Amino acid sequence: MCLICLCLPRLASCSLSAPSKTQYPIYMEEEQAVAKLPLIEAECSARLRISNIDYDQENGGVGSLNSAGASAPVETRSTPVLFICTFAAACAAFTGGCLYSVFGSIMTAGAMIGAIISGRMTDFIGRRRTLLVLDIFYIVGWLAIIFAEGAWLLDLGRLSLGIGFGLTCYVGPVYLAEIIPKDVRGLLMSISQSMTGYGASLTFVIGSFVTWRSLAIIGCIPSLLLLLALFFIPESPRWLDYIETKHLQQDSDANVLNLFRRKYLHIVIVGVGLMVVQASGGLYGFMFYMSEIFDSAGISSTLGFILVAVLQIPLIVLSATLIDKFGRRTLLMASATGQCLGCFLTGLSYFLQELDWWKEASPILALIGVLVYMGSYASGMGGIPWIVVSEIFPINVKGSAGTLCNLVSSFCSWVVSYTFNYLFSWSPAGTFFIYAGICGFGVVFIAKLVPETKGRTLEEIHASLTHIMQ
């Protein structure tokens, strides 16, 4: 069975209007503040190919202010470009989701390689070109699997897909965070990130009825659509501004070791901690070995896959609609709590089986546990940690910070996928109780340390967080 999802590009309001210095300050993290707003405005307008936009507040252009000082709605003529950006990113995310439902540790190793190069590559060649590079890895990987006649080509395809996924995890959310208006940033990024869940859900269903080679052909389709969409999306204006600024001053914070300076310490702990909680909470144990879990619990794996897929879709939609209303922290805590409960119920089912108690009820308990876990993950912990990570780091350290967080996520995913069989052989109940404990720790971590970022520009978020430690 194959997966099809990954990260998604989006477009921001700053791309569509002329922001003022008051509305759009650029907080560089050293002693000086360097603003390149004219460059941003010019590049955005050119890239978006939107001309004759009246920035006067009466026309309600993006980024203009009404009498109450609030941002006006997105300019109508910019909507098609915004949709194309969203579509492109969704194709990337959708591809990644399909991968992870089928391939295990080899693809995770590829994701670690992608994670290592993701930050530097994105800073050096830009967000848009990095999307092109990861799409090439996707296409090559799928083609290798489709035409594989031996194990070596199949493994090579898995590795290539893993590298593409590692790149996508970082560049997709970063691109969208830098280009989407603050008032709808959570909604659009959540929708794009949810494509990973949709890809996994669709793969669970289709994979029950078709061969893996046919599924690989289907998985290649979103990659080709992403390639087409890349011709119509703009480069991130914040990255263009950052590159211009680097020609004027030395960017001393680009080294990964500088992340551990006092003023960045809090956001590094938040970013790395979210990645650990997200990847170590047992997701890849559930995803890679869901058939074994259902079979050992006496449940039809086909029925289980279909139920998981059907459940995830409405919960993903619900999360996307609530993220800008209730905030990132609230949904993350609710999601982690649900994951903890799901792991506990699954572990309890195996515990009852070991004691030979309630034989009739334990398979149902296991099914409920898996559904609660997967539904809770899809509604928050699946995409929101990447949204928060893409928002909290200033652009001058975003490359190195993204590499670190991405690498931690890939490493923890590899550890979970590699150790799950050993832990499951040792004690099925104990395995899920351990995951429940990690998810419970995640609830406390999010409540105590993770900041709320809804309704604020990236510059406002960066200024408030970096000044906490100064």
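Residues numbered from 1 in each chain as written. Predicted model: local features only at pLDDT ≥ 70, side-chain atom pairs only at ≥ 80, totals over all residues. Heavy atoms only, no water.

Things to note about the overall build of the protein chain
At step 1: Per the secondary structure count, the protein chain includes 18 helices and 0 strands.
At step 2: Contacts spanning at least 24 positions in sequence make up 86% of the contacts within the protein chain whose residues lie at least 6 apart. (Helix = DSSP H or I, 4+ residues; strand = E, 2+ residues; numbered from the N terminus. Contact = heavy atoms within 4.5 Å.)

A word on the nonpolar core
At step 1: In this structure, Leu 274 and Met 374 are the most contacted members of the largest nonpolar core, which totals 88 residues.
At step 2: Residue contributions to this core peak at 10 residues, all from helix H5 (residues 151–179). (Core = buried A, V, L, I, M, F, W, Y, C linked by side-chain atoms within 4.5 Å. Buried < 20%, exposed > 50% of the residue type's maximum accessible area, 1.4 Å probe, protein only.)

Quick look at helix H13 (residues 328–354)
At step 1: A rise of 1.5 Å per residue sets the reference length of H13, with its 27 residues, at 39 Å; its end C-alpha atoms lie 39 Å apart and thus fit the reference within 8%.
At step 2: In the stretch just after H13, Asp 356 is the one whose phi turns positive, near 60 degrees. (Expected span 1.5 Å × (residues − 1).)

Brief notes about the packing of helix H9 (residues 262–280) against helix H16 (residues 395–426)
At step 1: H16 packs onto H9 with a crossing angle of 25 degrees between their chain directions and a minimal axis gap of 8 Å. Classed by the angle they form, the pair H9 and H16 counts as roughly parallel. For the pair H9 and H16, the crossing hand works out as right-handed. Of the residues in H16, those touching H9 at Tyr 264, Val 268, Gly 271, Val 272, Met 275, Val 276, Gln 278, Ala 279 and Ser 280 are Asn 396, Val 397, Leu 404, Cys 405, Val 408, Ser 409, Cys 412, Ser 413 and Val 416.
At step 2: Taken together, the residues that form the contact of H9 with H16 break down as 12 nonpolar, 6 polar and no charged. (Axes fitted to C-alpha atoms, helices over the stretch in contact; angles between N-to-C directions. Parallel < 35°, antiparallel > 145°, perpendicular 65-115°, else oblique. Left-handed = near helix turned anticlockwise from the far one by under 90°. Nonpolar A, V, L, I, M, F, W, Y, C, P; charged D, E, K, R; others polar.)

Brief notes about the packing of H9 against helix H15 (residues 384–392)
At step 1: Packing of H9 against H15 leaves a shortest axis separation of 10 Å and a crossing angle of 165 degrees. Taken as axis vectors, H9 and H15 run roughly antiparallel relative to one another. Of the two possible hands of crossing, H9 and H15 adopt the one that is left-handed. On H15, the residues that touch Ile 267, Val 270, Gly 271, Leu 274, Met 275 and Gln 278 of H9 are Pro 385, Trp 386, Val 388, Val 389 and Ile 392.
At step 2: Looking at the contact of H9 with H15 residue by residue, the classes come out as 9 nonpolar, 2 polar and no charged.

So, the pattern of salt bridges
At step 1: Taken as a whole and assessed by the stated rule, the structure comprises 8 salt bridges.
At step 2: Close ionic contact of Lys 398 with Glu 178 constitutes a salt bridge, the shortest N to O distance being 3.4 Å. Taken together, the residues span a long stretch of sequence, with Lys 398 in helix H16 and Glu 178 in helix H5 at a distance of 220 residues. Each member of the pair Lys 398 and Glu 178 is classed as buried. (Salt bridge = Lys/Arg side-chain N within 4 Å of Asp/Glu carboxyl O.)

Describing helix H7 (residues 212–229)
At step 1: For H7, with 18 residues, the first-to-last C-alpha span of 27 Å sits near the 26 Å given by 1.5 Å per residue.
At step 2: Listing the buried residues of H7 in full gives Leu 215, Ala 216, Gly 219, Cys 220, Pro 222, Ser 223, Leu 226 and Ala 229.

Observations concerning the side chain of Thr 457
At step 1: With respect to the secondary-structure elements, Thr 457 resides in the loop between helix H17 (428–449) and helix H18 (458–468).
At step 2: For Thr 457, the residues in contact, after removing those within four places along its chain, are Lys 182 and Arg 185.

What about the packing of aromatic side chains?
At step 1: This structure, assessed with the given rule, holds 10 aromatic pairs.
At step 2: The interplanar angle of 5 degrees and the centroid separation of 5.9 Å between the aromatic rings of Tyr 350 and Phe 432 together place this pair among those described as stacked. Within this pair, whereas Tyr 350 is found in helix H13, its partner Phe 432 is found in helix H17, the two being separated by 82 residues in sequence. Assigned by exposure class, Tyr 350 and Phe 432 land together as buried. (Phe/Tyr/Trp six-rings, centres within 6.5 Å; stacked < 30°, edge-to-face > 60°.)

Topic: a nonpolar patch on the surface
At step 1: Together, Leu 132, Ile 136, Val 140, Leu 227, Leu 228, Phe 231 and Phe 232 make up a nonpolar patch on the protein surface, roughly 650 Å² of accessible area in all.
At step 2: Only helix H4 (127–146) and H7 provide two or more residues apiece to the nonpolar patch.
At step 3: By secondary structure assignment, the location of Phe 232 is in the loop between H7 and helix H8 (237–246).
At step 4: Residue class for Phe 232 comes out partly exposed when judged on its relative accessible area of 46%. (Patch = residues over 30% accessible without salt bridge, like charges linked within 9 Å, V, L, I, M, F, W, Y side chains within 5 Å. Areas by Shrake-Rupley, 256 points an atom, 1.4 Å probe, with all protein chains shown as cover.)

Focus on the side chain of Ser 190
At step 1: Structurally, Ser 190 is set in helix H6 (residues 182–206).
At step 2: Discounting residues that sit within four places of it in the chain, Ser 190 has contacts with Ser 319, Ala 320, Ile 323 and Ile 387.

Describing the environment of Ile 206
At step 1: Relative to the assigned elements, Ile 206 resides in helix H6.
At step 2: Between the C-alpha atom of Ile 206 and that of Phe 305, which follows or precedes it by 99 residues, the distance is 9.8 Å.

Things to note about the environment of Thr 330
At step 1: Relative to the helices and strands, Thr 330 is located in helix H13.
At step 2: Within polar-contact distance, the side chain of Thr 330 engages the backbone oxygen of Phe 326 at 3.1 Å. (Polar contact = N/O pair within 3.5 Å; in protein donor to acceptor, adjacent residues only side chain to side chain.)

Some remarks on the environment of Gly 347
At step 1: Summarising the element assignment, Gly 347 is placed in helix H13.
At step 2: The exposure class of Gly 347 is buried, given its relative accessible area of 0%.
At step 3: With 87 residues separating them in the primary sequence, Gly 347 and Ile 434 have C-alpha atoms 9.0 Å apart.
At step 4: When near neighbours in sequence (up to four residues on either side) are disregarded, Gly 347 contacts Ala 429, Phe 432 and Phe 433.

Side note on the confidence of the model for the protein chain
At step 1: When pLDDT is averaged along the protein chain, the result is 75; 73% of the residues meet or exceed 70.
At step 2: Per-element confidence in the protein chain is highest for H17, whose mean pLDDT is 93, and lowest for helix H1 (residues 37–48), whose mean pLDDT is 43.
At step 3: In the predicted structure, residues 1–77 sits below a pLDDT of 50 and forms 249 contacts with residues beyond four places in sequence or in another chain. (pLDDT = per-residue confidence, 0-100.)

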